[in-house]
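This is what each chain is made of:
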2 protein chains.
Amino acid sequence: MALLMIPMTCFGSILATFQPCQTPDDFVAATSPGHIMIGGLFAIHEKMLSSEDYPRRPEIQKCVGFEISIFLQALAMIHSIEMINNSPLLSGVTLGYEIYDTCTEVTVAMAAALRFLSKLNCSREMVEFKCDYSSYMPRVKAVIGAGYSEITMAVSRMLNLQLMPQVSYESTAEILSDKIRFPSFLRTVPSDFYQTKAMAHLIQKSGWNWIGIIATDDDYGRLALNTFAVQTTANNVCIAFKEVLPAFLSDDTLEVRINETLEKIIAEAQVNVIVVFLRQSHVFNLFSKAIERNINKIWIASDNWSTATKITTIPNVKKIGKVVGFAFRRGNMSSFHSFLQHLHIFPSENNKALHEYAMLLSACAHVKNSDLSQCIANHSQGTLAYKANEDMEKNFSLRNDFLWDYTEPGLVHSIQLAVLALGYAIRDLCQARDCQNPYAFQPWEVLTHTSEKIPLQSFLSLL
Amino acid sequence: MALLMIPMTCFGSILATFQPCQTPDDFVAATSPGHIMIGGLFAIHEKMLSSEDYPRRPEIQKCVGFEISIFLQALAMIHSIEMINNSPLLSGVTLGYEIYDTCTEVTVAMAAALRFLSKLNCSREMVEFKCDYSSYMPRVKAVIGAGYSEITMAVSRMLNLQLMPQVSYESTAEILSDKIRFPSFLRTVPSDFYQTKAMAHLIQKSGWNWIGIIATDDDYGRLALNTFAVQTTANNVCIAFKEVLPAFLSDDTLEVRINETLEKIIAEAQVNVIVVFLRQSHVFNLFSKAIERNINKIWIASDNWSTATKITTIPNVKKIGKVVGFAFRRGNMSSFHSFLQHLHIFPSENNKALHEYAMLLSACAHVKNSDLSQCIANHSQGTLAYKANEDMEKNFSLRNDFLWDYTEPGLVHSIQLAVLALGYAIRDLCQARDCQNPYAFQPWEVLTHTSEKIPLQSFLSLL
């Protein structure tokens, strides 16, 4: 790994990374050159601030709420690409990456998708309109992401224009399996059809016949809730309540709806088992308040929060009751562990997300590990000012174990598989072409190779 | 109306309009210049042919299945714009239009949206990537459409990038009211929340307590089915079955699923009332087969097929039973009637849809009006060859009443309101600017004026 250590003491340059996007390059969260560029979409911040201007203007705003677990997913993509580049798989051809922070906003992700589709090596960042994109060459050859199904679906509609392969590491919404709607979409996680079936089976076998369901009001939550409700009803399990929470943290009614949901749970006292299809930040809010109200239940966790450190570090979380979760299969984590142990600061223009993490650590320099997550969350709300100092690099190095604590092995494995699937497809394509030339092939050609079934699990150990 | 009559006898040029898109301009269904350009999205063809190439390439294919009722919607938009241009509303500023045929395909609509967002007066058709689109000037200032909710939603995600106002005349999906997700979306039809409530009320008041539901598997059908199911269950009405049909005609399983649905209806003989949230072409297929099987029920029609001539002209349609429908409010149709009566062929490069209609009429020259719809459907499947001749214009003029028979007054009214809403917003904006200059204002500025509540109904009569 060729990572540079650069001491950063300039206060001005540190604040600059927290400013909203001014030029297209500001918008990139992390990038590294390569013969073949791969795009990445990760919700590294939990929301975009709304503009205070009226009327609202069409501009990308500042993002707040740094999500350590999702930052780690972006690192997993970088690590997987480095693994391939350091292996003989592509025989001298290197993969580069261009990772964007969606800020958990569809519109921001659409802007990133627009940039993925823009013309390669063009002096201006432009997507050309074409009736036929067969010989059009965009900036990237394939996209890893996004995480949230709703964002993945919206982006996929746009990437379809050029049949650009898109591999999600986390989007489980059943509808994404529909090849008529999403012809260029692939994923390394199973559809919710299977997860909800497993949950329904667990509930039936455990003799629980009276349950509640809580889901987010987005394409993921609504679809999962429906599929699950059909499956449990078929098993003669009764659903006492279905509560749907607003999907976006920027929605003012979220807090009220969480309180109403807790009141519902208290009112339906005979319901002991609650199935939760929510995002991590929603579960965090729900559980924090449920503990205050002494609610103690059996909670069935969907994959997207079942292994989240963010949840396990909620103060007094044990009082919430039992959590039974479904999680993705995990792989060998030793290589990623070592990557995190040796992680240093990249040149800040190449990895703004890492740079922001370093600054947040610096601001929380005197906080102990168990309170670090909360300190980072507070400092990344854009409300507190803080000063960086020359200890930043030192503090940063000291906390590599903290990142490891927040790592979700199932997701890291899923991201490794996604990158590897692209790596193998590219290897096949490049057998008869000189892929050091960025014009060697078009994105839609990758798609014909990624759709073949490759036993990726067994190849992972070879890298 | 300055419409030219051009005799067309050249066989070569006639076939050319049936070819797929070769240049960006081929892709436009109808256009007319103006100081302020408005985009339009209509599903004039019912599907896009799939390419026979393997691997599939990212190109816009030929569209087949000419939909007269939707072609009429595009004409209603043209007529509404002409009404405004012929009125004193914008005092010398003219509206132009650029209408695209989505071919009932999200990807085709996304391509059209890309063109809407591309830079004004640029030698090449390019959408520039920007962090801030506040001072970016795209080709069009606002978009009318689309019809189908799923297409409208996907397009809206893209138009959000520039906060371009989008006014739908037909998309009723409840989620489109969500201003966090769809900040630049407006519509002139009520959300399904109200329609499903009215249906549930009708069913309860009629004493029907045992019903079936059939919906399309798309954002419209699934959401309407859910909302409706919640409302009827609250009224103690039992739902015997919920059948969901594939949304796309290109889906091979559609015919099988229609047959299964009919078998379900026959098996559940005690269910006399069936609520149908389907597209017109699906209802057409379902009813045609139901009549063959002697199924006779009470059908509750959603707005999108309740007034469709396509359905009322199915042979022996009376055998299907009773249809109780919900429809949009209609307005005064005399002006549109007169527009249709005086409709002639535009220069073919300006209105390809009208040109195609004229050719289809020519091919069906010797068919009587009652069989014309079927003849047009057969000829627009791309399977039959036919010759145009110099009688085309004559045949065409003779059949203006046929178009009138297919007109859905509620939709025409809704399209008039959509165009008028934009007209009034533009009038307000242009009071202090010279709007004959296409750079006078940006699309997001229109949005701040369209969101005001204007009593449009009463203004319609003034035009």
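All of these numbers come straight from a predicted model, not from anything done at the bench. (Residues numbered from 1 in each chain as written. Chains lettered and ligands numbered in written order. Predicted model: local features only at pLDDT ≥ 70, side-chain atom pairs only at ≥ 80, totals over all residues. Heavy atoms only, no water.)

Trainee: Help me out: how do you make sense of the relation of the copies chain A and chain B in this one?
Mentor: What relates the pair of chain copies is a rotation about an axis plus a shift along that axis. With an axial shift of 0.0 Å and an RMSD of 0.0 Å, the rotation relating chain A to chain B amounts to 180°. The transformation relating the two chain copies, once decomposed into turn and shift, fits a two-fold axis. Of the interface residues in chain A, 100% have counterparts in chain B that sit at the interface too, so the contact is made through matching surfaces. (Least-squares fit on C-alpha atoms with pLDDT ≥ 70 in both. Contact = heavy atoms within 4.5 Å.)

Trainee: How should I be thinking about the state of the cysteines in this particular structure?
Mentor: All chains considered together, the criterion is met by six disulfides over all chains. Between the sulfur atoms of Cys430 of chain A and its disulfide mate Cys435 of chain A the distance is 2.0 Å. Across the S-S bond of Cys430 of chain A and Cys435 of chain A the torsion is about -95°, and the bridge reads as left-handed. Classification of Cys430 of chain A as buried rests on a relative accessible area of 15%. With a sulfur-sulfur separation of 1.9 Å, Cys63 of chain B is cross-linked through a disulfide to Cys103 of chain B. Disulfide Cys63 of chain B-Cys103 of chain B: the torsion about the S-S bond is 100°, which places it as right-handed. Of this pair, Cys63 of chain B sits in strand β4 (residues 63–66) while Cys103 of chain B sits in the loop between β5 (95–101) and α3 (106–117); the two residues are 40 residues apart in sequence, bridging distant segments of the chain. (Disulfide = S-S within 2.5 Å. Buried < 20%, exposed > 50% of the residue type's maximum accessible area, 1.4 Å probe, protein only. Helix = DSSP H or I, 4+ residues; strand = E, 2+ residues; numbered from the N terminus.)

Trainee: Before we go on, may I ask you to explain the sheet that holds strand β8 (residues 166–168) of chain A in this structure?
Mentor: What holds strands together in a sheet is hydrogen bonding between their backbones, with the strands either parallel or antiparallel. Residues and elements named next belong to chain A. Taken in spatial order, the six strands of this open sheet run β1-β5-β2-β7-β8-β9, and their pairing is mixed. In the strand order of this sheet, the two ends are held by β1 (28–32) and β9 (185–187), each with one partner. Going across the sheet, the axis of each strand differs from the next one's by a mean of 20°, ignoring polarity. Bridging between β8 and β9 involves three bridges; their strand directions are parallel. Bridge assignment links Gln166 to a residue of β9, and that residue is Phe185. Here helix α2 (residues 68–85) sits on the sheet and contacts β1, β2 (36–42), β5 (95–101) and β7 (142–144); the angle it forms with β5, its principal contact strand, is near 170°. Strand contacts of helix α4 (residues 149–159): β2, β7, β8 and β9, with the helix running at about 165° to β8, the strand carrying the most contacts. (Pairing = 2+ DSSP bridges. Axes fitted to C-alpha atoms, helices over the stretch in contact; angles between N-to-C directions.)

Trainee: Hey, could you run me through the side chain of Thr261 of chain B in this one?
Mentor: Residues and elements named next belong to chain B. Its location among the elements puts Thr261 in helix α7 (residues 254–267). Take Thr261: its relative accessible area is 0%, and that puts it in the buried class. Only 2.7 Å separates the side chain of Thr261 from the backbone oxygen of Arg257, close enough to count as a polar contact. Ignoring any residue separated from it by four or fewer positions in sequence, one finds Thr261 in contact with Ile214, Glu243, Leu245 and Leu286. (Polar contact = N/O pair within 3.5 Å; in protein donor to acceptor, adjacent residues only side chain to side chain.)

Trainee: Sorry if this is basic, but what is going on with the interface of chain A and chain B here?
Mentor: How big an interface is tends to be reported as the loss of accessible area on association of its parts. With 53 residues of chain A in contact, the opposing surface of chain B contributes 53 residues. When chain A packs against chain B, close to 4900 Å² is buried across both sides, 64% of that on carbon and sulfur atoms. Summed over the three residues of chain A that lose the most area to chain B, namely Pro58, Phe129 and Cys131 of chain A, the buried surface amounts to 17% of that side. Our count for the chain A to chain B interface comes out at four salt bridges. Scanning the region where chain A abuts chain B turns up 13 residue pairs in polar contact (both at pLDDT 80 or more). When residues of the side of chain A that touches chain B are traced back to their parent elements, those giving at least two are α3 (106–117), β6 (126–128), α4, α6 (219–234) and α17 (443–450) of chain A. Residue contributions to the side of chain A that touches chain B peak at six residues, all from α3 of chain A. (Buried area = accessible area lost by both parts, 1.4 Å probe. Salt bridge = Lys/Arg side-chain N within 4 Å of Asp/Glu carboxyl O.)

Trainee: Whenever I open this one, the sheet that holds strand β14 (residues 321–325) of chain B confuses me. Can you help?
Mentor: Residue and element names in this part refer to chain B. Read from one edge of the open sheet, five strands run β11-β10-β12-β13-β14, paired in parallel fashion. Each edge of the sheet is formed by a strand with only one pairing partner; in this case those strands are β11 (238–245) and β14. When strand polarity is set aside, the average angle formed by the axes of neighbouring strands in this sheet is 20°. When strand β12 (residues 273–277) meets strand β13 (residues 297–301), the two strands line up parallel, connected through four bridges. Looking at β13, one finds that Ile274 is bridged to Trp299. Relative to the sheet, helix α6 (residues 219–234) contacts β10 (210–216), β11 and β12, its axis offset from that of β10 by approximately 160°. Strands β10, β11, β12 and β13 of the sheet are contacted by α7, whose axis makes an angle of about 165° with β11.

Trainee: Any chance you could explain the side chain of Ser134 of chain A here in plain terms?
Mentor: Residues and elements named next belong to chain A. By the element assignment, Ser134 lies in the loop between β6 and β7. Relative accessible area serves as the criterion here: at 6%, Ser134 is assigned to the buried category. Within the structure, the side chain of Ser134 is placed 2.6 Å from the side chain of Asp132, a separation counted as a polar contact.

Trainee: Whenever I open this one, the packing of aromatic side chains confuses me. Can you help?
Mentor: The relative placement of two aromatic rings is captured by the distance of their centres and the angle of their planes. Per the stated rule, a full pass over the model turns up 30 aromatic pairs over all chains. Ring geometry for Phe66 of chain B versus Phe71 of chain B: centroids 5.3 Å apart, planes at 50°, classification tilted. Judged on exposure class, the residue Phe66 of chain B and its partner Phe71 of chain B are both buried. Between Tyr220 of chain B and Phe277 of chain B the ring centres are 6.4 Å apart and the planes differ by 80°, which places this aromatic pair in the edge-to-face class. Of this pair, Tyr220 of chain B sits in helix α6 while Phe277 of chain B sits in strand β12, and the two are 57 residues apart along the sequence. Across the pair, Phe277 of chain B and Tyr220 of chain B agree in class, each one buried. These aromatic residues form a ring-pair network of at least three members: Phe27, Tyr100 and Phe116 of chain A together with Phe129 of chain B. A cation over an aromatic ring shows up here: Arg279 of chain A above the ring of Tyr148 of chain A, its NZ or CZ 4.2 Å from the ring centre. (Phe/Tyr/Trp six-rings, centres within 6.5 Å; stacked < 30°, edge-to-face > 60°. Lys NZ or Arg CZ within 6 Å of the ring centre and 35° of its normal.)

Trainee: Could you clarify how one ought to interpret helix α8 (residues 280–292) of chain B in this entry?
Mentor: Helical geometry: 3.6 residues make up each α-helical turn, so side chains three or four residues apart lie on a common side. With 13 residues, α8 of chain B should reach 18 Å at 1.5 Å per residue; the first-to-last C-alpha distance of 19 Å fits that figure. With respect to burial, α8 of chain B is a largely interior element, 10 of its 13 residues being buried. (Expected span 1.5 Å × (residues − 1).)

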